[in-house]
Amino acid sequence: MSDMNDDAGFDADPGEDFDTGPLEEELRQAAAVLDPLPPALLQIAVDAYALHDLDARVAALTFDSLVDAIPVRGVTDAPRMLTFNAGEVTLDVEVTAQGLMGQVLPPQSARIEVLGGPQAVTPLAADDMGRFTADTPPSGPFALRLHTGGDVVVTEWLRA
């Protein structure tokens, strides 16, 4: 049985930290060559960051029917149901092939923007009951920005 502290390179303390900077940089370069980032994905990321609103509260996704719902046998075109919460404000959204509809709770009038990039912002208006609709479904990644009085709430980005 050989000693672990010989000249075979095992003399480092297992709890001792070592510099991973050069290795990380080498792996980044290899990934850039072997599996480059698609330009469209990079543009989506840049667009999403450009739309970042520092004054907005981020609404947490608390329900997504793709993940949380029990599938119904025989239903192939079920709408996607989403629920977002930010403090006292709840946003329920249904996404279908025909568009989207939703409601702001507690019921109130509001301005809503469907974000899809810097040039793809669809303005919507919620009525006094908090209901809103859009005739076209979001394509690709989207988020919602809700303006109620002086409050701004933004949902996380999702894929349609």
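What you see is a predicted model, and the numbers here were worked out from it, not measured in a lab.

Requested: an account of the overall build of the protein, with residues and values cited.
Along its length, the protein carries three helices and 10 strands. Element order for the protein, N to C, with α for helix and β for strand: α-α-β-α-β-β-β-β-β-β-β-β-β. Scored against the burial criterion, the 160 residues of the protein give a buried share of 28%. Counting contacts in the protein only where the partners sit at least 6 residues apart, residues at least 24 apart contribute 47% of the total. Summed over its atoms, the accessible surface of the protein is roughly 11,200 Å², and 57% of this surface lies on carbon and sulfur atoms.

Can you tell me about the side chain of T155, naming the residues and giving the values?
Position of T155 among the secondary structure elements: in strand β9 (residues 151-155). Taking the relative accessible area as the measure of exposure, T155 reaches 5% and is therefore buried. At 2.8 Å, the side chain of T155 and the backbone nitrogen of L144 are in polar contact. Not counting chain neighbours up to four residues away, the residues in contact with T155 comprise A59, F84, L91, A143 and L144.

Give a description of a nonpolar patch on the surface that names residues and reports values.
Where nonpolar side chains cluster on the molecular surface, the patch consists of L37, L41, L42, I44 and V46 and spans about 420 Å² of accessible area. Looking at L41, the relative accessible area reads 43%, which means it is partly exposed.

Quick one: what's the story with the pattern of salt bridges, residue by residue and with numbers?
Following the criterion strictly, the structure yields five salt bridges and no others. Linking D151 and R57 is a salt bridge whose minimum nitrogen-to-oxygen distance equals 2.6 Å. Taken together, the residues span a long stretch of sequence, with D151 in strand β9 and R57 in strand β1 (residues 57-64) at a distance of 94 residues. Look at D151 and you get partly exposed, because its relative accessible area is 27%. Notably, a salt bridge pairs R131 with D127, separated by 3.0 Å at the nearest N-O pair. When its relative accessible area of 47% is taken as the criterion, R131 is described as partly exposed. With relative accessibility at 31%, the residue D127 sits in the partly exposed group.

Definitions and limits used
- Residues numbered from 1 in each chain as written.
- Predicted model: local features only at pLDDT ≥ 70, side-chain atom pairs only at ≥ 80, totals over all residues.
- Heavy atoms only, no water.
- Helix = DSSP H or I, 4+ residues; strand = E, 2+ residues; numbered from the N terminus.
- Buried < 20%, exposed > 50% of the residue type's maximum accessible area, 1.4 Å probe, protein only.
- Contact = heavy atoms within 4.5 Å.
- Areas by Shrake-Rupley, 256 points an atom, 1.4 Å probe, with all protein chains shown as cover.
- Polar contact = N/O pair within 3.5 Å; in protein donor to acceptor, adjacent residues only side chain to side chain.
- Patch = residues over 30% accessible without salt bridge, like charges linked within 9 Å, V, L, I, M, F, W, Y side chains within 5 Å.
- Salt bridge = Lys/Arg side-chain N within 4 Å of Asp/Glu carboxyl O.

None of this, on its own, says anything about what the molecule does.
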